[in-house]
Structures are given as structure tokens and as C-alpha cells.
Amino acid sequence: MITARAAATFDPVGRSVATARAFVRDTLQGWGYTDVVDDAVVLTSELVTNAVVHAGTAADVLCLRTEDGVRVEVSDHYPEREIPLQSSGLDFGSPDREGGRGLLLCAALASRWGVEYSPAHKHVWFQLDLPERPVGIRSAGPVLPTALLPVADERVRVAVVQIDGSGAIASWNEDAVFLFGYAADQVTGKQLTDFAAWPHTPGTSTGIADALRLSRWEGSYGIRGADGRVIPVYASHLRVRDTQGEPSTVCLLVRDHERAVLQTPVRPPVDSSNENRAVDPFEVFIGSPAPDDLDGLLQRTVERARDMLDADAAFLLLATDDETELEVRATTGLPSARQRFARVPVEAGTNRYSSARMPAVHEDLAAVPGAVPLLTDTGMRSVVTVPLKVEGRLTGSLGVAAEAAGRYTNEEALRLQFAADRIALAVESARLGELERLRRGSLSFLVEASDLLAGTLDRDQTLALMAQMTVPTLATWCAVYTIADQLSEPYLSYVLHEDEERIDGLKELLSSIAPPDPVPTPGARIWPAPARAGHEAALRVSTRTLGRDAPLSMGSAARTTLATAAAVGGETVVLPLVARNRVIGMLTLGKPSDEHFRQEILELAEDLSRRAALALDNARLYSERMAISQSLQRSLLPPGLPDVPNVEIEVIYRAAGEGNEVGGDFYDVFPIRDGAYGFAIGDVCGTGPEAAAVTGLARHALRLLAREGFGGPAVLERLNAAIMDEGDRSRFLTLLYGELWPQEDGSALLKVVCAGHPLPLRLRQDGSVEPAADPQPLLGVMDDLELYEQEVTLDPGDVLLCVTDGVTERREGTRMLGDDGLAEVLSVCTGLTAGAVAGRILRAVERFAAEPASDDMAILAMRVPEPQNF
């Protein structure tokens, strides 16, 4: 039989869900059905959410009171409703998905439930039966034998102590005098904290002063008696106010072993399906099954907290390891994208979360602006926050808020604190699990990053790697500034965004603002300039667009500006790149509009910046060294080849390695006097600066001595003396030196001296190859040398090939090209120009082995061309 009815319709907007919850709670409390209020509110919240959010229509809520319970119906107005086919079972889907939980909760919480369809409506109804309980009895214990009753003295002494609003004792009854030994006039006006021995033990989250401000409190502590002993007591506190509105706290205290007189009996929930099953309070609040991941658990927590207190919004923050900051991890009813991972300091002060460590109720945030920074400019007026603590350590904060002022009292704070205490351990366990997974991932990331950075010494490639490793793994966009020296300004060297179309606009924006200061202090620091510049640019574009007479489509430049502003609208941090005690640049990381970095991500970015800085500085040093080496190498080679009449000359030079070492091989062709030319090809033992010094000495000495009129043997003997004078810095030198005289008959006369060098080879027109000189001692070994020169005549079509040992000693395993292999390659070069001969020799050497050459190579080819017949 229906004894009462209440109905309401709610518009298809998000705020209607909170209004519907309040409607159901007020209706059921007015009917006296407080035992089923919480379940009815939770079910109504889910069903109305399905209607106004997922179906996008208005929701009709009808509450029907019966003698045994209450029936609630929720209907939507979806225009096209398909009647589902009958099936043998119901599939509710995953309990963790965003939609579809309403029916699952109905099946779990309601006594009866059902769904009724019509072409334009869907009615979901549920029935909640009242628990059977004798009228007038709130709670009762079982009948016990006399022997099992708690033991007390002949007379139970209950001390009644009243504490005024300032914490001072206002009244002290006779039982208090008996229990503690103080007369009333000895304690009146003194602070209770002067006598209370509060247990400062792990897990105790509330102090005596805080307990006196709560509306109700029960627990154990001690009172120091007149004789100095601490008397354990069990206390029950009740906060009241007098007719003038002044608050005070009435404290009832008994000896601790007589706590049964005051202690509220624990009433475990009744499970009709299995009365012997232990009920987990965590599951009562979160629901079963609980989400496996931390984010899912936190989101479920804030949703349940919001529903439990009929709030418009709820939020949960987790503490950093040092408990100095709280990081926003889950919200509902708030702009979560704007707040996620935002950090709030815990210590007291302006815009600091001073109430994080204790339960707090703010009746009107307009009167205490900044008390809860997370709610600034959200329209929330009243809020209650409670801490999450594990073993006395602050691990987080849970809060709910409403748009109306004065919605919450200490009663709601106690309910929320009870829920927070039940979930704190589960949240901390999930957080530690997530942190461990993140640290393992961070370690793998840093190992891979170190390998990649160590694999290159190219500066530009190092810059690109730095950016590519951070985007999108750590940030949405990245910019790298470099500093050439201590007197130089930071230079924007590289910009990367996860969306390639945003890179040019981002680079233009960053180029228009001053770079961040090169501060060597380690760690990430906030850099607001990009977000501010982006906001100003977007504002200018919007102003120009609104100022037009006709609504024209926005141009591509304006769209790029707005997109860039959104890209840099979030948090931007700068990490210094410090190597060898010098700031060599800055790594800048950014998020899009209203996003923040997680603390763990910033710590990982700091580790990466240290490795990247060293890699970048190594690349700089390598580039400088390579530039010096290349400059020195160029200075050791002749600026160009002279034009010798009737003789083709071609030279190929290849230094081994990546250009970071100065080669020991050298060559030269130069005019001595009219009609005479000198040529040389040599190989200094070793590489590097010492070999370069001997190379430079040899090349310049050859030119000078030859132009002074000395013949080949005299030139090399004097060069040998100069090398020997270098002492410990001297190096062995193999050298082929010769003089060339073009002849009128078209031939060329050569006089050569081969001092320890691979013998020059002469290719005749018939394809025969023969050495063109005899071997003689190398230079830099003995003081006295007796060298001689040999004459060679090159007829038209003949080729003289001179190489260094990098050619003849080319190896593939145990095989070596050698003099015979070189002669075989040269024998098939008849009829080729000098350039073609040198090129074919180089290709043969390169193809002889798969590995790159490990020694320098120089190839000098001279050919006397055949006369042209016309």
C-alpha cells in the first residue's frame, strides 16, 4: 500500500545529479526512512546520471513510500527506445566502465528492481525494504549471564567536565574530584590540556584540542591526578552551545577499565544472504570489486564520497614523499583537466592547504578565501576535508564541497573521516605499487636514454635525441636552449611538439620572448613566460576577430596562434643543463592548457637532464676537436695541384676514422723552377699531433730545399737530419720524392728517390707493370744516410702510380692486397686517364674488404698522354 508520494523532474545538465540526490535524501529523511537513505541516494545518483548525461534527456524521479520500505522510479525521455529482446540472462558489462553501473548497483543493493520500457520512456525502479527492528529501540546488546558482565567498583564514578570555547575548564563535578583529587576551584579556568596526557602514538591522528572541537568523540587518554600519577580514562565528548550561541564541550570520563559504561557498542552490518560473513568496511564504501589501478580506485573514492554527503564536487589529493605538498589525483564535479596533478603546499599560509593534517569544515569559503586553493573560482562555498593517514603519516586528503554555504557540520566530517580511515591503507598500498612500477619504468627509460646519448658525438643529433626522448613520454612539447660560452645569451636550438603541425608556431612564439635565465640550481622551476605570451597572443587574435564588421572565417595564421596558445597554456618547467660545473643550456618541458606535471615525472626529467647535459657537452668538445683536426689536416695538404705541361696528375687522399684524427699520410706536387716540378708522397709513423708535426716539417722542408737547388738525395738527407733533431718527438718517415721534367718529344723524365716507401709502379702501354725505383732506407732512423736517385722516362701512354701503405696493406682477414695485388689492378688500366686510374685503384681497395679502412690512404697517379692525331 502506498502511503506517500513525491515526484520531481530534473533538467539534462550535470548539476541535476546532485539536486536529485538531495531531493531523495530530503524526502526519505522526512518520511523517517533513514536506514535506507544512503543506498537510495547512491542508486538514484547512478540512474539519474544515465538519464541526464548518457541519454541526454530530462529525468523524472518518483518516490513512493510503503509500509515496508520505499520504491524509487527514474525515467528518461529518450525519443527512440528499442524494446530489448528476452534473454536467459542479463549482461551488465564491466563494473569499472563509465556507464552501465546503475543496473549493476540495483542488483547488488535493492531488495527488488526492474526495468519497464515504452516507445518513448524507460523506467528503472528499485525497492528498498526497511530492516525489521523493535519500535523505540536504537540498539541493544544480548542478554548475558551475571558472570560475564563488565566489572566496576561499588559505585561507578562518571566525571563530568565542561570545557568552554577557549578550552578552559568551566565545571568540575564531585566524581571528578573523587577520581582525580582536584577540587573544583583548583582546576576551574585552567586548560584541560594542562591535565590531559594525550597518547602521541603512531596512528593517533587527532590531538586533545582537535578532539574538543569535534561534535562527538570517543576514545582513551589519561588525566594527571593531584598525586602526579596518570589515570587512564575512557571519555565521551559532546559539543553543545548555550542559549547565547556560545559553544562548549561536555566530557564524560570513567576509569578506563569501566569503559563499557560509555563506549558505544559496535553494530556490524547485517548480510541477509550470509549472516556469518565478515563485512569489509572498505568494500562497504568503495563497493566490490574494487578497481585494480590507483586512478580507478581514487576516482571511485571521490564519487562515493560525493554521493555519501550529497555534495556537488569531491576531490582527493595525495601527499608527496616529504609531505610538504599535496598533488591532485582525482576530482568529480570540478574541472579535472585543469586541476590534475596540480600541487598545493601543506604548510600554513596564503594559498596553502593549512587544514590538510586535520579534519576541517568551512561553512563559507567566501569568508576564508584561499583556505582550499583547489576550489578557488569553482563556485563552491562550503567544504569538508579530512586527512588520509597511515601509521600517523599524512598520505593524502579527501574533501567534498557544495555550491551552497553552510552545508556541512562536524557530523559530516566524522562520517567522511570514518570513510577516509577505511580507504587510507588501500590507497597507500596502490600508490606504492604505482610508484614502484613507475620507478622500474624510469630505470629502463634512463638506461635506454643513456645508451642512445652515448651512441653519438654529433651535436645536432644529440639535441634531437634529447627532445625525442622527452616528447611525448615526459611532456607534450620540448625546447632546448644552448649557451656557447659564459658571455653568450641562451640560444633556442631545438623545438619539438608531439603534433608536428604545432612546431613552427611554437618555435615562433618561443623566439619572440626572452629565454629563461641560466640558473645553475638543480631541479625544475616554473617558467610562466610561454603561457603568458600565448595568452596575450590569443587575446589579440580574439579581439581582432570580434572587431570585424562581418563574421568572416578565421585565417590560418589566427588559427595557428590560438593552437599555439593552447599548446603552451599548461605548466612549463625549465631544467638546467649543467656539465663540468658550467651551465651549457636549458631543457624546457611544457604541457597544454591547464595541465600540470607529476612530481615523479619531474624527478625523471631531472635525471635525464643530467645525462643529456654531459652528452651535449661531449658532443661540443668532439665537434671542436674535429674542427681543429680538419683545419690542421687542410694545412698539411697542398692548396692545389700545378698545371704540368703534357702530364696528367691526379691525387686521391682518404684519412681513416671519422675525421677526428690528423692523418700521417701526405702528398705534394709543386713547381721548382721553369720546366721542373717536384712531387712527393709520404707516410709518417702514427697519427695525431706528433705525426702532424713531422708531416708539416717534411712538406715545407721539401719545397724549401728543392727550390734552393738541392738534388733529390741531398733534399732527403737534410730532411732526415731535421727529423733526427726533433729528438723524442721525431717519427719514422717513409718518403718517395722525385723531380719531373716534361720533354719536347712528348715524354717525361723523372728522377726519384724511394726512402723506405712502397715502390712506385710503372704501367706501360702494353699492360706490363714494373717497379720504377729501388728501395732505400727510411728517414728518421739513422743520422748518416747515403741515398741515390734513379731516372725513369715515361713514354706517351705510360702511367706512374705512387701509393702509401694504406693501399698495399689493405686486409680482409688473413688476406692482404700487397704489391702484387696492386700491380694486378694497375695492369688493366691501360688507356685510362690519370684520374680514371686513381679512381679504379681506390674502388679496388675499398671492395677488397667489407670493413672500413683503418689506415690513411694517398694515391698519386701521373700519366703522359698520347699525342692526338687529327
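For every chain, the first residue of the written sequence is number 1, and numbering continues from 1 along that sequence. A pLDDT threshold of at least 70 governs which residues receive local features in this predicted model, and a stricter bar of 80 or more applies before side-chain atom pairs are shown or counted, although totals over entire chains, interfaces and linings include all residues. By convention in this description, side-chain values take in all heavy atoms of the structure and omit both hydrogens and water.

Caption draft 1: Region of the structure containing the overall build of the chain. The secondary structure content of the chain amounts to 20 helices and 34 strands. Partitioning the contacts of the chain with sequence separation of at least 6, the portion at a separation of at least 24 is 62%. Put simply, the chain shows about 43500 Å² of open surface, and 51% of that area lies on carbon and sulfur atoms. Numbering of helices and strands runs from the N terminus, with a helix taken as a DSSP run of H or I at least four residues long and a strand as a DSSP run of E at least two residues long. Throughout, a contact is declared for two residues whenever any of their heavy atoms are within 4.5 Å. The protein chains shown are the only cover counted for residues, whose accessible areas, like all others here, come from Shrake-Rupley with a 1.4 Å probe.

Caption draft 2: Region of interest: the packing of aromatic side chains. The aromatic pairing rule takes the rings of Phe, Tyr and Trp, using the six-membered ring of Trp, and pairs them if the centres are within 6.5 Å, calling planes under 30 degrees apart stacked, those over 60 edge-to-face and the rest tilted. In the structure shown here, the tally under the stated rule is seven aromatic pairs. A centroid spacing of 6.5 Å and a plane angle of 75° characterise the contact between Trp172 and Tyr182, whose relative ring orientation is edge-to-face. Of this pair, Trp172 sits in strand β7 (residues 169–172) while Tyr182 is found in the loop between α4 (174–180) and α5 (184–187), placing the two residues ten residues apart along the sequence. Take Trp172: its relative accessible area is 9%, and that puts it in the buried class. Ring geometry for Tyr182 and Phe195: centres 5.1 Å apart, planes at 70°, overall edge-to-face. Exposure is judged per residue with a 1.4 Å probe applied to protein chains only, and the accessible area is read against the type maximum: over 50% gives exposed, under 20% gives buried, and values in between give partly exposed.

Caption draft 3: Geometry of the nonpolar core. Put simply, a nonpolar core is a bunch of buried Ala, Val, Leu, Ile, Met, Phe, Trp, Tyr and Cys residues held in one set by side-chain atoms that sit within 4.5 Å of each other. The biggest cluster of nonpolar side chains holds 50 residues, and the ones touching the most others in it are Met466, Leu510, Leu577 and Leu589. If one sorts the elements of this core by residue count, helix α15 (residues 599–636) sits on top with nine residues. Setting aside residues up to four positions removed in sequence, Leu577 forms contacts with Met466, Val480, Tyr481, Arg582, Val583, Ile584, Gly585, Met586, Leu587, Ser609, Ala613 and Leu616. Grouped together as the second largest cluster of nonpolar side chains are 32 residues, Leu43, Val61, Cys63 and Val74 included.

Caption draft 4: The sheet that holds strand β12 (residues 313–319), seen in detail. Strand order in this open sheet of six strands is β14-β13-β12-β17-β16-β15, and the pairing throughout is antiparallel. Where the open sheet ends on each side, the last strands, each with one partner, are β14 (343–345) and β15 (360–362). Taken over all neighbouring pairs, the strand axes of this sheet differ in orientation by 25° on average, direction set aside. Strands are labelled as partners when DSSP assigns at least two bridges between them. Taken together, the nine bridges between strand β16 (residues 382–390) and strand β17 (residues 393–402) define a ladder with antiparallel strand orientation. Note on geometry: axes are lines fitted to C-alpha atoms, helical ones only across the stretch in contact, with angles between N-to-C directions running from 0 to 180 degrees.

Caption draft 5: Region of interest: the environment of Asn410. Locating Asn410 in the fold gives a position in helix α10 (residues 410–454). Accessibility expressed as a relative area gives 21% for Asn410, which makes it partly exposed. Spatially, the C-alpha atoms of Asn410 and Leu214 are 5.8 Å apart, while their sequence positions differ by 196 residues.

Caption draft 6: Quick peek at unusual backbone geometry. Note that the residue after Val471, namely Pro472, is joined by a cis bond; omega there is 0°. Summarising the element assignment, Pro472 is placed in the loop between α11 (459–470) and β18 (477–482). Phi is positive for Asp310, close to 50°, though the residue is something other than glycine. Residue Asp310 is classed as buried on the basis of its relative accessible area, which comes to 6%. Non-glycine residue Asn581 carries a positive phi angle of around 65°. With respect to the helices and strands, Asn581 occurs in the loop between β21 (572–579) and β22 (582–590). Accessibility expressed as a relative area gives 82% for Asn581, which makes it exposed.

Caption draft 7: Focus on the packing of α10 against α15. At their nearest, the axes of α10 and α15 sit 10 Å apart, and the two run at 15° to each other. Between α10 and α15, the angle is such that the two are roughly parallel. When you trace α10 past α15, the crossing you get is right-handed. Of the residues in α15, those touching α10 at Leu435, Leu438, Ser442, Phe445, Leu446, Ala449, Ser450 and Leu453 are Glu600, Leu604, Asp607, Leu608, Arg611, Ala612 and Ala615. Considered class by class, the residues forming the contact of α10 with α15 number ten nonpolar, two polar and three charged. Should an angle fall under 35 degrees it is taken as roughly parallel, and over 145 as roughly antiparallel, whereas 65 to 115 is taken as roughly perpendicular and any remaining angle as oblique. Crossing handedness is defined as follows: a turn of the near helix away from the far one that is anticlockwise and smaller than a right angle gives a left-handed crossing, while the clockwise case is right-handed. Basically, the charged four are Asp, Glu, Lys and Arg, the nonpolar ten are Ala, Val, Leu, Ile, Met, Phe, Trp, Tyr, Cys and Pro, and anything else, Gly included, counts as polar.

Caption draft 8: Spatial organisation of the side chain of Ser45. Structurally, Ser45 can be placed in helix α2 (residues 37–55). On the accessibility criterion, Ser45 (1% relative accessible area) is buried. In contact with Ser45, other than residues within four places in its own chain, are Val17, Arg21, Arg306 and Asp307.

Caption draft 9: Broad picture of the environment of Ile423. Of note, Ile423 is situated in helix α10. Among the residues examined, Ile423 registers a relative accessible area of 0% and is labelled buried. When the C-alpha atoms of Ile423 and Lys389 are compared, they prove to be 9.6 Å apart, with 34 residues separating the residues in sequence.

Caption draft 10: The arrangement of the confidence of the model for the chain in detail. pLDDT runs from 0 to 100 and stands for how confident the predictor is about each residue. In the predicted model, the chain carries a mean pLDDT of 81, and the fraction of residues at 70 or more is 85%. Contacts of residues 83–100 to residues separated by more than four positions or lying in other chains number 20 contacts, the stretch itself having pLDDT below 50. In the predicted structure, residues 267–281 sits below a pLDDT of 50 and forms seven contacts with residues beyond four places in sequence or in another chain.

Caption draft 11: Seen up close, the pairing of β18. Extensive coverage of β18 is indicated by the burial of six of its six residues. Burial along β18 is two-sided: Trp477, Ala479 and Tyr481 facing one way and Cys478, Val480 and Thr482 facing the other are all buried. Two elements, β18 and β22, share six bridges in a ladder whose sense is antiparallel. Note on β22: the bridge partner recorded for Trp477 is Gly590. As paired elements, β18 and strand β19 (residues 491–497) share six bridges and run antiparallel to each other. Looking at the pairing, Ala479 lines up with Val495 of β19.

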